[in-house]
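Chain residues, written in single-letter form:
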Amino acid sequence: MIELTKEQTMLQKTTREIARDKIAPLASDMDREQKFPPELLDIFNKYGYLSMMLPEEYGGFNADTVAMCLVIEELAKVCASTAVTLTGHITGSVAFLRSATEDQKQKFLTGKGRAKIFAISISEPDAGSDVSSIKTEAFLDGNDYVVNGLKCFVTNGGMADLYIVFIRTSDDKRKGISTFLVHKDTPGFKIGKKEDKMGLRGSNTTDLIFQDARIPQGNILGAGSEGFEVVMRTMDKMRVIVGALALGIAEGALKFALNYVKKREQFGKSISSFQGIRFMLADMATRVEASRLLIHRAATMVDKGVDNVSMYSSMAKYYASDIAMYVTTNAVQLMGGYGYMKDYPVERMMRDAKVTQIFEGTNQIQRLVIAKQMLSRNYL
């Protein structure tokens with residue numbers, strides 16, 4: 001584990017207390033009811049989580065990637081739905097900040113038009129890992145772009161004020177994708193169905209529908225043809241943060257299972273005394289710690305602007321998410337029949353962990369990224 005600064009340590013401690021006292025009691029109900037409580041947004045706002053990645057001149061404190069990872073990790077220990085809601089907001093914010101003009105920042109980060117909640121939309125029914133297959137399209141009509149199409153799997157859909165949406169503006173597979181700022185009140189734009197998910201059931205995941213939606217020409221981010229590059233640059237940072245989300249889920253499950261085996265007795269003694277149980281615990285803990293080291297290293301590299309960081313962010317994301325699935329599955333196993341019941345949180349954690357292997361690029365895609373980087377330069 002890297003040595004944290006005094007500010008990072010305080011942020012971690014404060015978030016841990018907030019997660020334990022204010023969020024953990026709501027986690028089970030959120031999962032069962034498939035609702036994100038509005039009071040959690042008030043908590044996000046009160047403690048500065050919604051603006052932590054913003055520059056100081058826009059009311060934020062310009063948090064680094066390590067700090068954001070610490071926050072997401074602590075939230076995910078008790079409620080992955082809460083953590084992924086904040087992660088979705090951070091992802092949209094990062095994409096916005098990397099490419100927005102000063103006029104756009106003034107418009108959407110200050111005053112009455114200020115966006116409190118961000119979301120980002122890349123996926124479509126036929127475009128997931130292959131971003132270049134985006135079909136939602138826009139054509140210029142006067143000072144507006146007219147947009148038609150369907151986006152899917154949008155975290156914070158229906159909650160966000162501003163959506164960062166990747167839309168096709170020409171037939172060029174890569175350079176034909178542009179990044180649009182879509183306000184929730186845009187004419188012709190509406191929220192589609194809310195997904196009924198296996199895990200992360202307390203977070204909003206929806207479709208976005210564009211039917212002759214009119215978006216001002218000034219709402220394009222960057223040079224207009226850099227949408228693909230915006231996606232790639234954003235993913236370098238966000239894959240590390242998704243790794244922190246997976247790490248938090250794994251830690252939460254391991255902590256609960258560890259406490260359980262200490263108290264559970266069979267054959268007249270604690271099951272924690274059985275060698276088989278101890279081997280499982282040792283393997284789980286070792287892999288959690290390895291995940292933490294990899295995530296913190298990749299986050300530090302992102303903050304330093306190291307070249308070829310995509311290889312390390314992909315390593316952090318795929319390894320931590322695989323370990324989250326491994327740890328949560330073993331946590332259920334350690335608890336036996338009780339682990340399978342909704343009375344205990346580990347079955348929820350196992351369901352939540354699965355999607356971390358899928359979103360922000362599947363773990364198969366992460367391996368391709370890593371191998372490509374290894375083969376294109378002197379890795380060792």
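Conventions adopted
- Residues numbered from 1 in each chain as written.
- Predicted model: local features only at pLDDT ≥ 70, side-chain atom pairs only at ≥ 80, totals over all residues.
- Heavy atoms only, no water.
- Helix = DSSP H or I, 4+ residues; strand = E, 2+ residues; numbered from the N terminus.
- Rg over C-alpha atoms; globule rule 2.2 N^0.38 Å.
- Buried < 20%, exposed > 50% of the residue type's maximum accessible area, 1.4 Å probe, protein only.
- Contact = heavy atoms within 4.5 Å.
- Areas by Shrake-Rupley, 256 points an atom, 1.4 Å probe, with all protein chains shown as cover.
- Polar contact = N/O pair within 3.5 Å; in protein donor to acceptor, adjacent residues only side chain to side chain.
- Patch = residues over 30% accessible without salt bridge, like charges linked within 9 Å, V, L, I, M, F, W, Y side chains within 5 Å.
- Salt bridge = Lys/Arg side-chain N within 4 Å of Asp/Glu carboxyl O.
- Pairing = 2+ DSSP bridges.
- Expected span 1.5 Å × (residues − 1).
- Arc of directions from axis to C-beta.
- Phe/Tyr/Trp six-rings, centres within 6.5 Å; stacked < 30°, edge-to-face > 60°.
- Lys, Arg positive; Asp, Glu negative; His and termini not counted.

## A look at the overall build of the chain
Across its full length, the chain holds 10 helices and 10 strands. Its C-alpha atoms give the chain a radius of gyration of 21 Å, within 12% of the compact-globule value 21 Å for 380 residues. When the backbone C-alpha atoms are referred to their principal axes, the chain occupies close to 80 × 50 × 40 Å. Going through the 380 residues of the chain one by one, you find that 55% of them count as buried. Sequence separation of at least 24 residues holds for 73% of the intrachain contacts in the chain that already meet a minimum separation of 6. Element-wise, carbon and sulfur atoms account for 52% of the exposed surface of the chain, whose accessible area totals about 17300 Å².

## Looking at the side chain of Arg 292
Its place among the elements puts Arg 292 in helix 7 (residues 275–304). Its relative accessible area of 10% is what places Arg 292 among the buried residues. Among the polar contacts made by the side chain of Arg 292, one reaches the side chain of Glu 251 at a distance of 2.6 Å.

## With respect to a nonpolar patch on the surface
A grouping of Met 374, Leu 375, Tyr 379 and Leu 380 is seen on the molecular surface, where their side chains present a nonpolar patch of about 500 Å² in accessible area. For Leu 380, the position within the fold is in the segment after helix 10 (363–376).

## Here we look at the pairing of strand 3 (residues 144–155)
Both strand 2 (residues 137–141) and strand 3 contribute to a ladder of 5 bridges, which runs antiparallel. Note on strand 3: the bridge partner recorded for Phe 139 is Val 146. Between strand 2 and strand 3, which pair antiparallel and follow one another directly, the connecting turn spans 2 residues, one of which, Gly 142, has a positive phi of 70°. Pairing geometry for strand 3 and strand 7 (residues 205–216), over 9 bridges, is antiparallel. The residue bridging Val 154 from the neighbouring strand is Thr 206, located in strand 7.

## What to know about helix 10
With 14 residues, helix 10 should cover 20 Å at 1.5 Å per step; its first-to-last C-alpha distance of 20 Å lies within 8% of that length. Restricting attention to buried positions, one finds in helix 10 the residues Asn 363, Gln 366, Ile 370 and Gln 373. The buried residues of helix 10 occupy an angular sector of 80° when projected down its axis, which confines them to one face. In helix 10, the exposed residues that point more than 90 degrees away from the buried face are Gln 364, Leu 368, Lys 372, Leu 375 and Ser 376.

## Things to note about the packing of aromatic side chains
Summed over all chains, the structure comprises 10 aromatic pairs. On the numbers, 6.2 Å between centres and 40° between planes, the contact of Phe 36 with Phe 44 is tilted. Here Phe 36 and Phe 44 have matching classes, each one buried. Here Phe 189 and Phe 210 contribute two aromatic rings whose centre-to-centre distance is 5.0 Å and whose plane-to-plane angle is 35°, an arrangement assigned as tilted. Separated by 21 residues along the polypeptide, Phe 189 in strand 6 (residues 189–194) and Phe 210 in strand 7 bring together distant segments of the chain.

## Digging into the pattern of salt bridges
Scanning the model with the defined rule gives 20 salt bridges in all. Arg 292 is the salt-bridge partner of Glu 73, the closest N and O atoms lying 3.0 Å from each other. With Glu 73 in helix 3 (residues 65–78) and Arg 292 in helix 7, the pair connects residues that are 219 residues apart, well separated along the chain. Arg 292 shares its class with Glu 73; the two are buried.

## Examining unusual backbone geometry
Even without being a glycine, Asp 212 presents a positive backbone phi close to 50°. Here Glu 360, not a glycine, exhibits a phi torsion of approximately 60°, which is positive. Structurally, the position occupied by Glu 360 is in the loop between helix 9 (346–354) and helix 10.

## Quick look at the environment of Asp 212
Tracing the sequence through the fold places Asp 212 in strand 7. Not counting residues within four places of it along the chain, the set of residues in contact with Asp 212 comprises Val 146, Val 147, Asn 148, Pro 187 and Gly 188.

## Describing the side chain of Arg 239
Secondary-structure assignment places Arg 239 in helix 6 (residues 227–263). Buried within the structure, Arg 239 lacks any salt-bridge partner; Asp 236 is the closest side chain of opposite charge, at an N-O distance of 5.3 Å. Filtering out sequence-adjacent residues up to four positions away, Arg 239 remains in contact with Ser 313, Ser 314, Lys 317, Glu 360, Gly 361, Gln 366 and Val 369.

## Overview of the pairing of strand 5 (residues 177–183)
Of all 7 residues making up strand 5, 6 are buried, and the element is well covered by its neighbours. Pairing analysis gives 7 bridges linking strand 4 (residues 162–168) to strand 5, with the strands arranged antiparallel. From the neighbouring strand, Ile 167 faces strand 5, where its bridge partner is Ser 178. Pairing of strand 5 with strand 8 (residues 220–221) involves 2 bridges; the strand directions are antiparallel.

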